[in-house]
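The lines below spell out each chain.
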Number of protein chains: 2
Amino acid sequence: MRQSDFWITKNTISIESVVEKVVRPKAGAIDTFIGTVREFTKGKRTLFLEYQAYVPMAEKKLTQIGTEIKQQWPDAKTAIVHRIGHLDITDIAVVIAVSTPHRADAFEACRYAIERIKEIVPIWKKEHWEDGTMWIGDQKEQQTYPGGKPSEEDLT
Amino acid sequence: MRQSDFWITKNTISIESVVEKVVRPKAGAIDTFIGTVREFTKGKRTLFLEYQAYVPMAEKKLTQIGTEIKQQWPDAKTAIVHRIGHLDITDIAVVIAVSTPHRADAFEACRYAIERIKEIVPIWKKEHWEDGTMWIGDQKEQQTYPGGKPSEEDLT
């Protein structure tokens, strides 16, 4: 089994492999968030996506999110994996699993995790539409990089 | 593949088998809730659990929850499976998966589903502790049946 609970992969994500990292006797609740590639965004049809990450920094930031969750929900255990490379419609891009003794915390912490991923993890996606392509900069999609993905300077 | 999206099973639940029922091109977000058997509840150690259901009614009520979600979140698709029989610590008792175009709805609808399961679905559990057993009546655990599980009259 993979040693870290926070990782980037080029391969198909197995949901079970993420969930099994957080199953434990003291937890009665696991919430998972699964992000999949959606075909239509604002009426525009996506053919496929390409994700790239600055991998060491991305894994460090995913790990940081786990630490943040532990601070706010001390009984929680978290695992997160994000896929990079070519993804087709309905492919799984990200899986988050959070286990807690009781369910309210699992839902809240998992929601926190996906919001933080979109805020701080350096992963970009290139949208391939029927009529062109575009690198989407930050994951909140508030910034685009028409000339390509951000440079390492943009990460600091 | 199983035809219904709402079912009771005596077998180990595969999370992927539930999620695959809600994956679709228009959804970018899937939230799943996984309920597992917790070892300690209020300081008391559980050895294992036994779930029983009034199966036709339980499946009908799970289906009803899917309908209620569709009314409140028209773009959502839901699948729910609950296991019955003997479950050991960390075994999965229930899996809910809800897919929606955007993530806020997936979290809300999934949370709604688990609350409704505990309110309306006729499934009882028998706690096996180190020093005895007890049938827990309703899933909110506000009612016990010291003489055994409820009769069918209790269901109406």
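Residues numbered from 1 in each chain as written. Chains lettered and ligands numbered in written order. Predicted model: local features only at pLDDT ≥ 70, side-chain atom pairs only at ≥ 80, totals over all residues. Heavy atoms only, no water.

If you check an unreviewed UniProt entry, chain A appears there as Molybdopterin synthase catalytic subunit from Terrihalobacillus insolitus. Under the Catalytic activity (unreviewed entry) heading, UniProt states for chain A: "2 [molybdopterin-synthase sulfur-carrier protein]-C-terminal-Gly-aminoethanethioate + cyclic pyranopterin phosphate + H2O = molybdopterin + 2 [molybdopterin-synthase sulfur-carrier protein]-C-terminal Gly-Gly + 2 H(+)". (UniProt positions renumbered as here; feature names shortened; annotations may be inferred.)

Peer 1: How would you explain the overall build of chain A if you had to name every residue and give the values?
Peer 2: When its secondary structure is counted, chain A shows 3 helices and 9 strands. The order of helices and strands in chain A, counted from the N terminus, is β-α-β-β-β-α-β-β-β-α-β-β. For chain A, with 156 residues in total, the buried portion stands at 53%. For chain A, the accessible area works out to roughly 7,300 Å², and carbon and sulfur atoms hold 48% of it. (Helix = DSSP H or I, 4+ residues; strand = E, 2+ residues; numbered from the N terminus. Buried < 20%, exposed > 50% of the residue type's maximum accessible area, 1.4 Å probe, protein only. Areas by Shrake-Rupley, 256 points an atom, 1.4 Å probe, with all protein chains shown as cover.)

Peer 1: Kindly report on the relation of the copies chain B and chain A, identifying the contributing residues and their values.
Peer 2: Its rotation angle being 180°, the transformation that places chain B on chain A also includes 0.0 Å of axial translation and leaves an RMSD of 0.0 Å. Read as a symmetry element, the transformation amounts to a two-fold axis. Among all residues of chain B, the minimum C-alpha distance to the rotation axis is found for T32 of chain B, at 2.6 Å. Most of the interface of chain B is mirrored in chain A, where 100% of its interface residues are also at the interface. (Least-squares fit on C-alpha atoms with pLDDT ≥ 70 in both. Contact = heavy atoms within 4.5 Å.)

Peer 1: Talk me through unusual backbone geometry; I want residue IDs and the actual numbers.
Peer 2: Residue and element names in this part refer to chain A. Non-glycine residue K42 carries a positive phi angle of around 50°. Relative to the elements of secondary structure, K42 occurs in the loop between β3 (40-41) and β4 (44-53). The exposure class of K42 is exposed, given its relative accessible area of 84%.

Peer 1: Go over the nonpolar core, please, and point to the residues and values.
Peer 2: In terms of nonpolar packing, the biggest core is built from 32 residues, with F33, I65, I80, I96, I117 and V121 of chain A touching the most fellow members. Those elements that provide at least two residues to this core are β1 (6-9), β4, α2 (55-72), β7 (92-100) and α3 (103-120) of chain A together with α3 (103-120) of chain B. Per element, the largest residue contribution to this core is 6 residues, and it comes from α3 of chain A. (Core = buried A, V, L, I, M, F, W, Y, C linked by side-chain atoms within 4.5 Å.)

Peer 1: If you had to explain the pairing of β7 of chain A to someone new, which residues and values would you point to?
Peer 2: Along any regular strand, the residues point their side chains to alternate faces of the sheet. All names here are of chain A. For β7, the buried fraction is high: 9 of the 9 residues fall into the buried class. Sheet topology places strand β5 (residues 77-83) next to β7; 6 bridges connect them, and they run antiparallel. Note on β7: the bridge partner recorded for T78 is V98. (Pairing = 2+ DSSP bridges.)

Peer 1: How would you summarise the interface of chain B and chain A if you had to cite specific residues and measurements?
Peer 2: With 33 residues of chain B at the contact, the number on the chain A side is 33 residues. For the pairing of chain B and chain A, the buried interface totals around 2,800 Å² over both sides, and the portion due to carbon and sulfur atoms is 58%. When the area that chain B buries against chain A is broken down by residue, the three leading residues are R38, R103 and F107 of chain B, summing to 23%. Taken together, chain B and chain A are joined by 2 salt bridges. (Buried area = accessible area lost by both parts, 1.4 Å probe. Salt bridge = Lys/Arg side-chain N within 4 Å of Asp/Glu carboxyl O.)

Peer 1: Summarise the pattern of salt bridges; cite the residues concerned and give the values.
Peer 2: One pass over the full model with this rule turns up 24 salt bridges over all chains. Across the pair E115 of chain A and R103 of chain B runs a salt bridge, and its minimum N-O distance is 2.8 Å. Within this pair, whereas E115 of chain A is found in helix α3, its partner R103 of chain B is found in helix α3, the two belonging to separate chains. Judged by relative accessible area, R103 of chain B falls into the partly exposed class, the value being 22%. Between D75 of chain B and K26 of chain B there is a salt bridge, with the nearest N and O atoms lying 3.5 Å from each other. In this pair, D75 of chain B is assigned in the loop between α2 (55-72) and β5 (77-83) and K26 of chain B in the loop between α1 (15-19) and β2 (29-36), connecting sequence segments 49 residues apart. The exposure class of K26 of chain B is partly exposed, given its relative accessible area of 43%. Sharing partners across several salt bridges, the network here consists of D5, K21 and K77 of chain A.

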